[in-house]
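Overview (structure and organization)
One letter stands for each residue in the lines below.
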Amino acid sequence: MRSDAVKVGVERAPHRALLKALGVTDTDLKKPFIGVVNSYTNIIPGHAHLNQVADAVKAGIVSAGGVPFEFNTIGICDGIAMGHNGMRYSLPSRELIADSVEVMVQAHRFDGIVLITTCDKITPGMLMAAARLNIPAIMVTGGPMLSGSYKGKKVGTDSMFEAIGKVAAGKMTEEELKCLEDVACPGCGSCNGMFTANTMACVTEALGMSLPGCATPPAVSAERLRIAKATGERVVGLVKEDLKPRDILSPDSFENAIMVDMALGGSTNTVLHVTAIANEAEVDLPLSTFDNLSKRVSHICSMIPSGPYDMKELDEAGGIPAVMKQLETTLHMNAATVTGKTVKENIASAVVLNPEIIRPLDNPVHKEGGIAVLKGNLAPDGSVVKAAGISANMMVHQGPAKIFDSEEDAMKAIMNKEIQKGDVVVVRYEGPKGGPGMREMLSPTATIAGMGLSESVALITDGRFSGATRGPCIGHVAPEAAVGGPIGLLEDGDIIEIDVPKRKLAVKLSAEELDKRAKSWTAREPNVKTGYLVRYSQLVQSAHKGSVLKKL
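Residues numbered from 1 in each chain as written. Predicted model: local features only at pLDDT ≥ 70, side-chain atom pairs only at ≥ 80, totals over all residues. Heavy atoms only, no water.

1. Re the overall build of the chain
Convention followed: Only DSSP runs of H or I covering at least 4 residues are called helices, and only runs of E covering at least 2 are called strands; the numbering of each starts at the N terminus. Just to be clear, the radius of gyration here is over C-alpha atoms, and the globule rule we use is 2.2 Å times residues to the power 0.38. In what follows, a contact means two residues having at least one pair of non-hydrogen atoms within 4.5 Å. Methods summary: accessible areas were calculated by the Shrake-Rupley approach with a probe of 1.4 Å, and residue burial reflects only the protein chains presented.
Each helix and strand counted, the chain has 20 helices and 14 strands in total. Expected size for 552 residues packed as a compact globule is a radius of gyration near 24 Å; at 23 Å, the chain falls within 12% of this value. For the chain, the proportion of contacts with a sequence separation of at least 24, taken over those separated by at least 6, is 77%. Carbon and sulfur atoms provide 53% of the accessible area of the chain, an area that totals close to 20,300 Å².

Here it is, written out as structure tokens:
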């Protein structure tokens, strides 16, 4: 066992003495040591209950003959960090989380690890660490929040952000906003729709890195604790079988995860995160793979924010096993999973319990998958849009650019009603380097939607979007403005051409004009000059590479 390095031999007597200070017995020293990587914090609703999940995991480890040792990682609530400088730290926290897990596991020589997570950057950060370490590992997610109810309708965090636009447009009073605020988020768990946290939970299950049925049961359900206990039991089996993440994280597994994502109409952030995980697993996963699979896989689940169904309803319809069952003719059915069985074996008995929520392939929500990759003279290295969230009349759009060099400037103009129907709002210098940190633009996009402009106004950015974003919002534009990308050369009034079916994002300017502007472009002073973000901005790579750090 790996843990023999800290517990076997005369020279390890001091180590054993320290372990015995923790209550470890001589019998325990003969068992596998399992790291329980918790991310509990009471600042994130999706993580506020994770100590209960961890207790169930530890009980499972003990019952299967292992010894659990718990430690924590950091975590950021993207909702609370949204719309201010705090969001600059969200994506960069992913790398810190991966590094911190590596440091703890390597220092203490655990034989296996259970990764306990829920929300946006914690999940990919932990999976990156698992792929990097390549010791037996399994993930359990904390589960989704239940929907709130307001005036007889399901509501959640996305409702709150769009409500800001409704108040600005005079469609909602501040008193109604307060009433909505009080009921939108009724308890613990990840936000109720197919936003980034829940999309990543579903992607994790589809990758084969969590137990079947793990992604969708609500945070408050007893099933969530049963899954956690079973996860703790299973990690001991993984150690005994020496089944490691890179045995599971194959090209086929990544394609399965992407196809499930496309079927769900999930968050565009998964493009960044799945690419980053593949990078750690040493699997080549170009941006083109996402677009190719999107053309092969139909969007079959109409989930909040672009549809009516929440995570609880997806769970009741059969969850991810049922979604994968619908896709079985397309998926790589022999891909390995943490169960020790193949995908085919895992979903053999899966059943779709509600065909309105998980639709058959001959009656999809959209013929193509939920995410599209657009290219053109405005995004030579690509850009990403959630096609599932765009209405039919905005799939092709042309309009004048309104240029903003920060999210704050864009938000001010939107609230001041300076944006008109037909405009293309451009928010730049918000990329991985330029932000730094590639902030999410949920506040601008949700406010535009709340004002009733999502059917006539598009938004493009070298930043990114929340999973709660809907409408014609194109992010991850690469190269970014901070490195001289074409988005940094735009001027007010330039005509932007968007054609999602043709995968095109372009500005109606000649190559000569773009070259002329490029020659007069100069780099801007950095927005942040001290602390972690300075180091991050110097090392981070482009969005089309997953915004991962350079390997020195």
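This is not the end of the story, as more comes after the structure.
2. Notes on the nonpolar core
In plain terms, the rule: Nonpolar cores were defined as sets of buried Ala, Val, Leu, Ile, Met, Phe, Trp, Tyr and Cys residues, with membership established by side-chain atoms within 4.5 Å. Partly exposed describes any residue whose relative accessible area lies between the buried limit of under 20% and the exposed limit of over 50%, with all areas from a 1.4 Å probe on protein chains only and scaled to the type maximum.
If you look at the biggest cluster of nonpolar residues, it comprises 107 residues, and the most contacted ones within it are Phe254, Leu314 and Val323. The residues touching valine 323, leaving out its near neighbours within four places in the chain, are Val260, Ala263, Leu264, Ile300, Cys301, Leu314 and Ile358.

3. A short note on the sheet that holds strand S2 (residues 67–72)
Defined as follows: Whether two strands pair comes down to DSSP finding at least two bridges between them. Interaxial angles span 0 to 180 degrees and are taken between N-to-C directions of axes, which are lines fitted to C-alpha atoms, for helices over the stretch in contact.
Taken together, four strands build an open sheet; the order of strands is S2-S1-S3-S4 and the sheet is parallel. Each of the sheet's edge strands pairs with one partner strand only, and the pair in question is S2 and strand S4 (137–141). Mean inter-strand twist for the sheet, computed between neighbouring axes without regard to direction, equals 20 degrees. Across four bridges, the pairing between strand S1 (residues 33–38) and strand S3 (residues 112–117) is parallel. Note on S3: the bridge partner recorded for valine 36 is valine 114.

4. Notes on the domain arrangement of the chain
Cut-off, in case you're wondering: Note: domain ranges come from an automatic or database domain assignment. In this description, buried area is defined as the sum, over both parts, of the accessible area (probe of 1.4 Å) that is lost when the two are combined. Salt-bridge detection follows one rule: a side-chain nitrogen of Lys or Arg within 4 Å of a carboxyl oxygen of Asp or Glu. Ten residues, namely Ala, Val, Leu, Ile, Met, Phe, Trp, Tyr, Cys and Pro, are considered nonpolar, four, namely Asp, Glu, Lys and Arg, are considered charged, and the remaining ones, Gly among them, are considered polar.
You can read the domains of the chain as domain 1 (31–146 + 187–249) and domain 2 (374–545). Here the C-alpha centre of domain 2 lies 32 Å away from the C-alpha centre of domain 1. Between domain 1 and domain 2, the contact holds 18 residues from the first and 21 residues from the second. Buried surface at the junction of domain 1 and domain 2, both sides included, amounts to about 1,500 Å², of which 59% is carbon and sulfur. Where domain 1 packs against domain 2, one counts two salt bridges. Examining the composition of the side of domain 1 that touches domain 2, we find that five residues originate from one element, helix H4 (residues 90–108), more than from any other. Within the side of domain 1 that touches domain 2, the residues separate by chemical class into eight nonpolar, five polar and five charged.

5. Topic: the pairing of strand S9 (residues 396–404)
As paired elements, S9 and strand S13 (residues 495–499) share five bridges and run antiparallel to each other. Within S13, the position partnered with glycine 399 by the bridge is isoleucine 496. As paired strands, S9 and strand S10 (residues 424–427) are joined by four bridges and run parallel to one another. Bridging across to S10, isoleucine 403 finds its partner in valine 426.

6. Some details on helix H15 (residues 319–326)
Across the eight residues that make up H15, a large majority, seven, are buried. Of all the positions in H15, only Gly319, Ile320, Pro321, Ala322, Val323, Met324 and Gln326 are classed as buried. The inward-facing, buried residues of H15 contact helix H8 (196–207), helix H11 (251–264), helix H14 (311–316) and helix H16 (343–346).

7. Thoughts on the packing of H11 against helix H13 (residues 287–296)
Any two packed helices are characterised by how steeply their axes cross, that is the angle between the axes, and by the distance between the axes. Where we set the bar: Our angle categories are set so that under 35 degrees counts as roughly parallel, over 145 as roughly antiparallel, 65 to 115 as roughly perpendicular, and the remainder as oblique. Note on convention: the crossing is left-handed when the near helix lies turned anticlockwise from the far helix by less than a right angle, right-handed when the turn is clockwise.
At their nearest, the axes of H11 and H13 sit 9 Å apart, and the two run at 55 degrees to each other. As the angle between them shows, H11 and H13 are arranged oblique. For the pair H11 and H13, the crossing hand works out as right-handed. Here Glu255, Ile258, Met259 and Met262 of H11 come into contact with H13, specifically with Thr289, Phe290, Leu293, Ser294 and Arg296. Looking at the contact of H11 with H13 residue by residue, the class counts come to five nonpolar, two polar and two charged.

8. Let's talk about the side chain of aspartate 462
To be explicit about the condition: Counted as positive: Lys and Arg. Counted as negative: Asp and Glu, with His and the chain ends omitted from the count. What qualifies as a polar contact is a pair of N or O atoms within 3.5 Å, subject to a donor-acceptor requirement within protein and to the restriction that residues adjacent in sequence count only when both atoms come from side chains.
Along the polypeptide, aspartate 462 turns up in the loop between strand S11 (458–461) and strand S12 (473–478). Nearest to the buried, unbridged aspartate 462 among oppositely charged side chains is arginine 428, at 7.4 Å. At a separation of 3.4 Å, a polar atom in the side chain of aspartate 462 contacts the main-chain amide nitrogen of glycine 431. Apart from residues lying up to four places away in sequence, aspartate 462 is in contact with Val427, Arg428, Tyr429, Glu430, Gly431, Pro432, Met438, His476, Val477, Glu480, Ala481 and Ile487.

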